[in-house]
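# Per-entry structural report
Residues per chain are reported as follows:
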Amino acid sequence: MLRESRHEKLLNILGEEGVLPIGEIATRLGVSEATARRDITELGRAGRLTRVYGGAVAAPTQDEERPFSEVVVDDLADKEAVARAAAELVADGDVLLLDIGTTTLQLAKLLRGRPVTVVTSNLAVYDELRDDPRVTLILLGGQVRANYRSVVGFLTESNIRQLRVGRLFLGASGVLPDGSVLDSTHVEVPVKRAMLGAAREVVLLVTAGKFPGDTGLARICGPEGIDTLITNKTSDPVTLAVFREGDVEVVTV
């Protein structure tokens, strides 16, 4: 394989799967680890990926770098409505997994004072609940993404794989008309996929502005991975019909 083609393949793999170790990169490209290291060095110097301990991750784009503090106020009324419906699903004593994102933060605000267990990679959720004596709060370990207030990486994934929770509240960057759930931040995608495997029930929280939408570089799952979808009444009816046809309970607010 030509060097340029190999580089593009490597960037595509990292974009889909997030952080990968050197050995896995070499295997996926069909090259030696020495060649894989040279490729990573060259792409790192060009600003197209970021080297991390033992591996690499694709460099973020400008769209991925929009600060959490800006995103949190977007469509706030829609997010609050979705969060209220989500909170109604929660019973005292539940063990919950809260994904990153600003809608899950609105949900966390409604969980204050509730005797529940919350597991999260969302640092904003952690800040919201850390002083609440009634909430048992578990923060996943990993590499801190200060810009979007989350933790990511293989340590986060490893933590999640040791868990079994009752319900995951999942966020997304966009949802395609075929029901594909997308995320725009490559390092978050493996964490989200691990969360799907750790929960007995998955509730997707998305506002109307994400239906239908092509915001996102990687597919997290389709309707088959979702049990309940909570969104706004103005969300795209054709896309919602796809979820209903896939036996997903659709709640509009």
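Description of the structure in this document. No experiment lies behind these values; they were computed from the predicted model shown. (Residues numbered from 1 in each chain as written. Predicted model: local features only at pLDDT ≥ 70, side-chain atom pairs only at ≥ 80, totals over all residues. Heavy atoms only, no water.)

## Some points on helix H5 (residues 76–87)
- With twelve residues, H5 should cover 16 Å at 1.5 Å per step; its first-to-last C-alpha distance of 16 Å lies within 8% of that length.
- For H5, the full list of buried residues reads Lys-79, Ala-81, Val-82, Ala-83, Ala-85, Ala-86 and Ala-87. (Helix = DSSP H or I, 4+ residues; strand = E, 2+ residues; numbered from the N terminus. Expected span 1.5 Å × (residues − 1). Buried < 20%, exposed > 50% of the residue type's maximum accessible area, 1.4 Å probe, protein only.)

## What about the packing of helix H2 (residues 22–29) against helix H3 (residues 33–45)?
- Taken N-terminus to C-terminus, the directions of H2 and H3 make an angle of 100 degrees; their axes are 9 Å apart at the nearest point. As judged from the angle between their axes, H2 and H3 are roughly perpendicular. Where H2 approaches H3, its residues Ile-22, Gly-23, Ile-25, Ala-26 and Leu-29 are matched on the opposing element by Glu-33, Ala-36, Arg-37, Asp-39 and Ile-40. (Axes fitted to C-alpha atoms, helices over the stretch in contact; angles between N-to-C directions. Parallel < 35°, antiparallel > 145°, perpendicular 65-115°, else oblique. Contact = heavy atoms within 4.5 Å.)

## A closer look at the sheet that holds strand S11 (residues 181–183)
- Spatially, three strands are ordered S10-S11-S13 in an open sheet, and the strand pairing comes out antiparallel. Two strands close off the open sheet at either side, each with one partner strand: strand S10 (174–175) and strand S13 (218–221).
- Direction of pairing for S11 relative to S13: antiparallel, over a ladder of three bridges. Bridging across to S13, Val-181 finds its partner in Cys-221. (Pairing = 2+ DSSP bridges.)

## Remarks on the sheet that holds strand S15 (residues 249–252)
- Strands sit in the order S6-S5-S4-S9-S12-S14-S15 across an open sheet of seven strands; the sheet is parallel. Two strands in the sheet have a free side with no partner beyond their single neighbour: strand S6 (136–139) and S15. Across the sheet, the mean angle from the axis of one strand to that of its neighbour is 20 degrees, orientation sign disregarded.
- Direction of pairing for strand S4 (residues 95–98) relative to strand S5 (residues 117–120): parallel, over a ladder of four bridges. For Leu-96, the partnering residue across the bridge sits in S5 and is Val-118.
- Where H5 meets the sheet, it contacts strand S9 (165–170), strand S12 (199–205) and strand S14 (228–231), and its direction lies at approximately 145 degrees from that of S14.
- Contacts from helix H10 (residues 237–245) reach S12, S14 and S15, with the element oriented near 145 degrees to S15.

## What about the pattern of salt bridges?
- In the structure shown here, the tally under the stated rule is 14 salt bridges.
- Ionic pairing is found between Arg-130 and Asp-127, a salt bridge with its closest N-O pair at 3.7 Å.
- A relative accessible area of 55% means that Arg-130 is categorised as exposed.
- Between Arg-145 and Glu-188 there is a salt bridge; the shortest N-O distance is 2.7 Å. (Salt bridge = Lys/Arg side-chain N within 4 Å of Asp/Glu carboxyl O.)

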